[in-house]
Amino acid sequence: MADDTDFQLHQRLASDTVSLGRSQLCEIRLMNDSTWPWLLLVPAVAGIREIYELSDQQQARLVFESSELSRGMMELFAGDKMNVAALGNMVPQLHLHHIVRFVDDPAWPGPVWGVQPPVPYSQEALAVVQEKLEPVLARLRRR
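Each value, and the rule that gives it
Along each chain, numbering runs from 1 in the same order as the chain's sequence is written. Two thresholds apply to this predicted model, a pLDDT of at least 70 for residue-level local features and 80 or more for giving and counting side-chain atom pairs, whereas whole-chain, interface and lining totals are computed over all residues. Hydrogens and water molecules were not included; the side-chain quantities draw on all heavy atoms of the structure. Only DSSP runs of H or I covering at least 4 residues are called helices, and only runs of E covering at least 2 are called strands; the numbering of each starts at the N terminus. Relative accessible area decides the class of each residue, using a 1.4 Å probe on protein chains only: under 20% of the type maximum gives buried, over 50% gives exposed, and in between gives partly exposed. Every residue pair with non-hydrogen atoms within 4.5 Å of one another is taken to be in contact. To be clear on the numbers: accessible area is Shrake-Rupley with a 1.4 Å probe, and residue cover counts the displayed protein chains and nothing else. Under the counting rule used here, the positive set is Lys and Arg, the negative set is Asp and Glu, and His together with the chain ends is not counted. Taken as the charge centre is NZ of Lys, CZ of Arg, CG of Asp or CD of Glu, depending on the residue. Both site types are read off a 1 Å grid over the protein atoms alone. A 1.4 Å probe that fits but cannot get out defines a cavity, while an open set with protein on both sides within 12 Å along at least five of seven lines defines a pocket; lining residues have an atom within 4 Å of a point. Grid points are joined across faces, edges and corners, and a volume is the space filled by probe spheres set on the points. Three categories are distinguished: nonpolar for Ala, Val, Leu, Ile, Met, Phe, Trp, Tyr, Cys and Pro, charged for Asp, Glu, Lys and Arg, and polar for the others, with Gly belonging to the last. To estimate how far a helix should reach, multiply one less than its number of residues by 1.5 Å. Fitting axes to the seven residues ending at a residue and to the seven starting there, one defines the bend at that residue as the angle between these axes.

A. Up close: the overall build of the protein. Scanning the protein for helices and strands turns up 3 helices and 5 strands. Along the protein, helices and strands appear, N-terminal first, in the series α-β-β-β-α-β-β-α. Sorting the 143 residues of the protein into buried and exposed places 41% on the buried side. Counted over contacts in the protein with a minimum sequence separation of 6, partners at least 24 positions apart contribute 58%. Within the structure as shown, the protein displays about 7,500 Å² of accessible surface, and the carbon and sulfur contribution to it stands at 52%. In the protein, 13 side chains carry a positive charge and 18 a negative one; their mean positions are 4 Å apart.

B. View of the layout of surface pockets. Put simply, the largest pocket is a space of about 490 Å³. Taken together, 22 residues make up the lining of the largest pocket; nearest its centre are Arg12, Asp16, Met31, Trp38 and Trp113. Element by element, the count of residues in the lining of the largest pocket is highest for helix H1 (residues 11-16), at 4 residues. Looking at the lining of the largest pocket residue by residue, the classes come out as 11 nonpolar, 8 polar and 3 charged.

C. Examining helix H3 (residues 123-142) more closely. Taking 1.5 Å as the rise per residue, H3 with 20 residues should run 28 Å; its terminal C-alpha atoms sit 27 Å apart, in good agreement. At Glu134, H3 shows its largest bend, some 50°, and a proline, Pro135, comes one to four positions later. Every buried residue belonging to H3 is among Leu126, Val129, Leu133, Val136, Leu137 and Leu140, and all of these are buried. Here the buried face of H3 lies against strand S1 (17-22), strand S2 (26-31), strand S3 (38-43) and helix H2 (56-77).

D. Structural context of the environment of Phe102. Looking at where Phe102 falls in the secondary structure, it is placed in the loop between strand S5 (96-101) and H3. When the C-alpha atoms of Phe102 and Asp80 are compared, they prove to be 5.0 Å apart, with 22 residues separating the residues in sequence. Residues within four places of Phe102 in sequence aside, it is in contact with Pro37, Phe77, Ala78, Gly79, Asp80 and Trp108.

Take a look at the structure:
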């Protein structure tokens, strides 16, 4: 599904996130900020900046993967709201943020950007969140 022959992950995304593998269309990345459950879907298609630049089939697949990821994250983390955004102001490569929000989180009800410095995962906490997310990620990989 992904036309990833020339795809390269933007350096900022690579440095700010941890790889959780691939789905049919996307790189799945965990934002290295333990404050929020925060994942990114990055379509593995070279040169794409906007959703409308994807083929119709890729657009449908992105919506499906985003919905599955959102549902799974909300079930796992029991959030109050799921924020999904494709901003791209700092990183032009198309990527969708999926952030589980809680009414008592440090940024509620505003956006998470710029509220506080990132709190990187410890190795132990990273292993725990990866294990917790594995059933959701497995569904994305096989469907």
